[in-house]
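Report on the structure
So the chains spell out like this:
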Amino acid sequence: EIEALKSFGNFSSDPSWNNVRVIGNHGALASSLIRNCNFHGNVFLGKFTLGAEVHVDEDLTLPCGLYNSNFKDCVILDNVRISGCELLHSTFVEEYSSIINCGVITCSDLTTYGNG
């Protein structure tokens, strides 16, 4: 899985990639859905299913995956769409969520927000 992630332009600040972990027992990681991302600190990933889509708006769905983004100390659950995120830090991302073309999202111990 590490070599596959590297082949899709991904980088880990830990050369052994021990800081990137897959949550649950989903089998092999769909590495082709994770492209051009940087992982720092501890990042936990859920499953990414080929063909799964995220509803971004009433009339818009996009394929799940992580694209062109930077992550530090995050938990990212199943089949999300995160693309064009300059930095996602200390954040828990619920399954089938989307974060698209944002600057920086960072959370501290006192941060509270949500959408639902």
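Below: a short report on this structure.

Scoring rules and cut-offs
Residues numbered from 1 in each chain as written. Predicted model: local features only at pLDDT ≥ 70, side-chain atom pairs only at ≥ 80, totals over all residues. Heavy atoms only, no water. Helix = DSSP H or I, 4+ residues; strand = E, 2+ residues; numbered from the N terminus. Rg over C-alpha atoms; globule rule 2.2 N^0.38 Å. Buried < 20%, exposed > 50% of the residue type's maximum accessible area, 1.4 Å probe, protein only. Contact = heavy atoms within 4.5 Å. Areas by Shrake-Rupley, 256 points an atom, 1.4 Å probe, with all protein chains shown as cover. Lys, Arg positive; Asp, Glu negative; His and termini not counted. Charge placed at Lys NZ, Arg CZ, Asp CG, Glu CD. Pairing = 2+ DSSP bridges.

We now examine the overall build of the protein chain. Tallying secondary structure elements over the protein chain gives one helix and 13 strands in all. In terms of C-alpha radius of gyration, the protein chain reaches 13 Å, essentially the compact-globule figure of 13 Å for 116 residues. Summarising its shape, the C-alpha atoms of the protein chain cover approximately 35 × 35 × 25 Å along the three principal directions. Taken over 116 residues, the protein chain has a buried fraction of 36%. Expressed as a percentage of contacts within the protein chain between residues at least 6 apart in sequence, the contacts between residues at least 24 apart total 38%. When the accessible surface of the protein chain is split by element, carbon and sulfur atoms take 50% of a total near 6,600 Å². Across the protein chain, the centroid of the 6 positively charged side chains sits 9 Å from that of the 13 negatively charged ones.

Turning to the environment of lysine 72, a few remarks are in order. Mapped onto the elements of the fold, lysine 72 is located in strand β8 (residues 70-76). Given a relative accessible area of 36%, lysine 72 falls into the partly exposed group. C-alpha of lysine 72 to C-alpha of glycine 41: the two residues are 31 residues apart in sequence and 5.1 Å apart in space. Look past the residues within four positions of lysine 72 in its chain and what remains in contact with it is His40, Gly41, Leu87, Leu88, His89 and Ser90.

Bridge count between strand β4 (residues 38-45) and β8: six bridges; the pairing is parallel. Looking at the pairing, phenylalanine 44 lines up with valine 75 of β8. Taken together, the two bridges between β8 and strand β10 (residues 87-89) define a ladder with parallel strand orientation. Following the sheet pairing, lysine 72 is matched in β10 by histidine 89. Sheet topology note: the β8/strand β11 (residues 92-93) ladder contains two bridges and is parallel. From the neighbouring strand, isoleucine 76 faces β11, where its bridge partner is valine 93.

On the basis of which strands lie adjacent, the open sheet formed by four strands has the order β3-β7-β9-β12 and parallel pairing. Edge positions in the sheet fall to β3 (34-35) and β12 (98-100), since each of these pairs with one other strand and no more. Both β3 and strand β7 (residues 65-67) contribute to a ladder of two bridges, which runs parallel. Bridged to isoleucine 34 within β7 is leucine 66.

Looking now at unusual backbone geometry. In this structure, asparagine 36 is a non-glycine residue whose phi angle is positive, near 55°. As for its placement among the helices and strands, asparagine 36 is situated in the loop between β3 and β4. What makes asparagine 36 partly exposed here is its relative accessible area of 42%. At asparagine 79, a position not held by glycine, the phi torsion is positive, near 50°. Inspection of the secondary structure assignment puts asparagine 79 in the loop between β8 and β9 (81-83).

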